[in-house]
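Summary of the model geometry
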Amino acid sequence: MDEHKENILVKMSNTGEEETVKACSRVCPEVESVPQVSPSQPNGDYSHPVYKEISLANGHINRMSKDELRFKLAALQLDTRGVKDVMKKRLKSHYKKQKLSQSAAEGDSPTDTYYDYICVVDFEATCEEDNPSDFHHEIIEFPMVLINTHTLEIVDSFQEYVKPELNPQLSDFCVKLTGITQKLVDEADTFPAVLQRVVTWLQERELGTKYKYAILTDGAWDMSKFLNIQCKLSRIRYPQFAKKWINIRKSYGNFYKVPRTQTKLSTMLEKLGLKYEGRPHSGLDDSRNIGRIALRMLQDGCQLRVNERMHAGQLLTVPSSAPVEGSAAPHPPRSRD
Ligand code: AMP
Ligand code: MG
């Protein structure tokens, strides 16, 4: 059950104007409408003839049966798993990429800057059955899984448990849900010390300095709720490097054109023809599985882009018209005092 991550308000941010919308009420149209490599003018002019060719190919793909799609994908040595819409999208992306790179090779494309790495984060937090509305979640697991977007592989991971300070005793429900035992959190460090090591880990990999990277989460809550609350409880400032991220649910919904009700972790995996690997609600295993979805989306031609951010304690949407920006270089957390 992961709806708990979605029941929040998001503010749309576009050229300074802000409008409050229900995060889970609709498929946000702002992502994935921009092509990966644009052979035409940067401000959305699709008059270049290559777009006519792409549109014709898309029309043809739309008329193909499931067997025809599978046959074609196999002939192109592409993945044949997933439901019909996923296969369609994969084939369309393949042709689009091919046509745009031909066009680029002919010299009429500007280069596109993109992330070298995507860092998946999936916090686990203290909880109770049905979480009372005044319940203060504290982070108890900080995992990260690093994806190299060039080699399309998971290349590294980090995991530390965290000792909760406000409610040091885990509920039986929480232990059962996450598999995180009382002993693991008793022996762990408190959040500021763990965050310090997270920063060091990111710095050692030169993320945000030598390499462009973006954080990726499953839903908005990891940053806008769990991290936000934890920083307040720990009396440290919300870290700059976590102020924008890719919400994969939004990217997935927009890319494969499915409603937000079909973007739960288990549903995304199932529709892609993948099986959950490991233990659900283990932060590291969740991160790996979210990473597998991200990899599949990249392979299918999706340009995962930052689509949410925090500003003055508020969750905002980043429109796809915004330039592709990565996460900031990590720095040690500053005290609020
Ligand atoms: P997840 O990434 O889905 O494992 O969820 C992250 C955190 O949300 C968990 O560590 C819990 O604190 C909370 N959570 C997830 N599912 C539930 C649930 N069914 N009931 C209460 N809290 C939950
Ligand atoms: Mg999780």
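The structure this text deals with has already been given above.
A few points on the structure. (Residues numbered from 1 in each chain as written. Chains lettered and ligands numbered in written order. Predicted model: local features only at pLDDT ≥ 70, side-chain atom pairs only at ≥ 80, totals over all residues. Heavy atoms only, no water.)

A few points about the packing of helix 8 (residues 248–256) against helix 10 (residues 283–299)
Quick reminder of the rule: Angles shown run from 0 to 180 degrees and are taken between the N-to-C directions of axes, each axis being a line fitted to C-alpha atoms and, for helices, limited to the stretch in contact. Per the convention used, a helix needs a DSSP run of H or I reaching at least four residues, while a strand needs a run of E reaching at least two, with both numbered from the N terminus. Crossing chirality is assigned from the near helix's rotation relative to the far helix, an anticlockwise turn below a right angle marking it left-handed and a clockwise turn marking it right-handed. By the convention used here, residues are in contact when the closest approach between their heavy atoms is within 4.5 Å. Only Asp, Glu, Lys and Arg are considered charged, only Ala, Val, Leu, Ile, Met, Phe, Trp, Tyr, Cys and Pro nonpolar, and every remaining residue, Gly among them, polar.
For the pair helix 8 and helix 10, interaxial distance at closest approach is 11 Å and the crossing angle is 35°. For the pair helix 8 and helix 10, the crossing hand works out as left-handed. Within the contact between the two elements, helix 8 uses I248, S251, Y252, F255 and Y256 and helix 10 uses I290, I293, A294, R296 and M297. Here the contact of helix 8 with helix 10 is composed, by residue class, of 8 nonpolar, 1 polar and 1 charged.

Topic: the pairing of strand 6 (residues 153–161)
Under the convention used in this document: Two strands are counted as paired when DSSP detects at least two bridges linking them.
Pairing of strand 5 (residues 139–148) with strand 6 involves 8 bridges; the strand directions are antiparallel. Within strand 6, the residue paired with L146 across the bridge is D156. Between strand 5 and strand 6, which follow one another and run antiparallel, lie 4 residues, and L152 among them has a positive phi close to 55°.

Some points on the coordination of the magnesium ion (ligand 2)
Rule in force here: Ligating atoms shown are N, O and S within 2.8 Å of the metal, or 3.2 Å for Na, K and Ca, and water is not included, meaning a site may look less than complete. Partly exposed describes any residue whose relative accessible area lies between the buried limit of under 20% and the exposed limit of over 50%, with all areas from a 1.4 Å probe on protein chains only and scaled to the type maximum.
Bound to the magnesium ion (ligand 2) on the protein side are D122 (OD), E124 (OE) and D286 (OD), at distances that span 1.9 to 2.1 Å. Written as a sequence motif, the donor residues of the magnesium ion (ligand 2) are D-x1-E-x161-D. Note that E124 is positioned in strand 4 (residues 124–125) and D286 in helix 10, a separation of 162 residues in sequence. D286 gets classed as buried once you look at its relative accessible area, which sits at 6%.

What about the pattern of salt bridges?
Cut-off, in case you're wondering: Should a side-chain nitrogen of Lys or Arg be within 4 Å of a carboxyl oxygen of Asp or Glu, the pair is scored as a salt bridge.
Within this structure, the stated rule accounts for 14 salt bridges. Between E277 and R292 there is a salt bridge, with the nearest N and O atoms lying 3.3 Å from each other. Residue E277 is located in the loop between helix 9 (265–271) and helix 10, and its partner R292 is located in helix 10; the two are separated by 15 residues in the primary sequence. Overall, the relative accessible area of 49% leaves E277 in the partly exposed class. What emerges from the salt-bridge pattern is a single network uniting D79, R81 and R296.

Describing the pairing of strand 8 (residues 244–247)
Threshold: The path from the first strand over the helix to the second decides the hand: if it runs clockwise while the strands point away from the viewer, the crossover is right-handed.
Bridge analysis of strand 7 (residues 213–217) against strand 8 gives 3 bridges, and the strand direction is parallel. Considered in strand 8, the bridge of L216 is made with I246. Following the chain from strand 7 across helix 7 (residues 221–233) to the adjacent parallel strand 8, one finds a crossover that is right-handed. Sheet analysis places strand 8 next to strand 9 (residues 308–311), joined by 2 bridges and oriented antiparallel. Counted as the bridge partner of K244 is R309 from strand 9.

Notes on helix 10
What counts here: Expected helix span is computed as 1.5 Å times (number of residues minus one).
If you check helix 10, its first and last C-alpha atoms are 24 Å apart, about what 17 residues at 1.5 Å a residue would give, namely 24 Å. Burial runs high along helix 10: 15 of the 17 residues are buried. Remark: G301 follows helix 10 within two positions and exhibits a positive phi of approximately 100°.

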